[in-house]
Amino acid sequence: MPGKPSQPFITQISVEELAQRLSSKDSLQLVDVREPHELAIAHIDGFVNLPLSQFPDWADQVNTRLNPQAETLVLCHHGIRSAQMCQWLIVQGFTNVKNIAGGIDAYSTLVDPSIPQY
């Protein structure tokens, strides 16, 4: 991903809050930046997969694939790659981006143990 001129503040959301938001059927835009082989092991339904390793393949389409004004929650394994994606989305003009703290690993541990850990 290209360098960032400044580090925007990233709002965090807990995995417990994610579970509550998913069950309430709120209108959310969900993005998972993990790799396809990671999704094959563990995933949460409803997330669009935009793997960071494939950034050149989808970066120029992000504003047509995603709504910059929609509340956007970003997931990865532990919360590091998703934080990078959040920073990039904010620079692209997305106005309501939140990083899922702890990623799918924390979601599996704290919310839904049926999701495999890896």
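All residue numbers here refer to positions counted from 1 along the written sequence of the relevant chain. Where totals are concerned, whole chains, interfaces and linings use all residues; where local detail is concerned, this predicted model gives features only for residues with pLDDT of at least 70, and gives and counts side-chain atom pairs only at 80 or more. Working from all heavy atoms in the structure, the side-chain values ignore hydrogens and water.

Enquirer: Is there a simple way to think about the pairing of strand β5 (residues 97-100) in this case?
Expert: The two faces of the sheet receive side chains in turn, since in a regular strand these alternate between them. Throughout, exposure labels follow a simple rule: accessible area from a 1.4 Å probe, protein chains only, divided by the maximum for the residue type, with under 20% read as buried, over 50% as exposed, and the rest as partly exposed. Numbering of helices and strands runs from the N terminus; a helix is a DSSP stretch of H or I covering at least four residues, while a strand is a stretch of E covering at least two. Neither face of β5 is open: one carries V97 and N99, the other K98 and I100, and all of them are buried. Should DSSP find at least two bridges between two strands, the strands are regarded as paired. Sheet topology places strand β1 (residues 11-13) next to β5; three bridges connect them, and they run parallel. Residue pairing for β5: I13 is matched across the bridge by I100. As judged from the three bridges shared by strand β4 (residues 72-75) and β5, these two strands associate in the parallel manner. Directly across from L73, in β5, lies its bridge partner K98. Note on handedness: a clockwise path from strand one over the helix to strand two, with the strands aimed away from the viewer, defines a right-handed crossover. A crossover connection joins β4 to the parallel β5 through helix α5 (residues 80-91); in handedness this β-α-β unit is right-handed.

Enquirer: Which parts of the structure should I look at to understand the packing of aromatic side chains?
Expert: Two aromatic rings, taken as a pair, are described by how far apart their centres are and by the angle between their planes. Note on aromatic contacts: the rings of Phe and Tyr and the six-membered ring of Trp form a pair at centre separations within 6.5 Å, being stacked when their planes are under 30 degrees apart, edge-to-face when over 60 apart, and tilted otherwise. Scanning the model with the defined rule gives three aromatic pairs in all. Consider the rings of F55 and W88, whose centres lie 5.0 Å apart with planes at 80°: the pair is edge-to-face. You can see F55 sitting in helix α3 (residues 55-58) and its partner W88 sitting in helix α5, a full 33 residues away along the chain. W88 carries the same exposure label as F55, and that label is buried. Taken together, F55, W58 and W88 form an aromatic cluster joined through their ring pairs.

Enquirer: What is the right way to read the side chain of S108 from this model?
Expert: Mapped onto the secondary structure, S108 falls in helix α6 (residues 103-110). Distance and chemistry together define a polar contact, namely a pair of N or O atoms within 3.5 Å, with one atom able to donate a hydrogen and the other to accept it when in protein, and with adjacent residues in sequence counting only for side-chain atoms on both sides. Within the structure, the side chain of S108 is placed 2.5 Å from the backbone oxygen of I115, a separation counted as a polar contact. Contact between two residues is taken to exist if any of their heavy atoms lie within 4.5 Å; hydrogens are not considered. Contacts of S108, omitting those with residues within four sequence positions, involve P113, I115, P116 and Q117.

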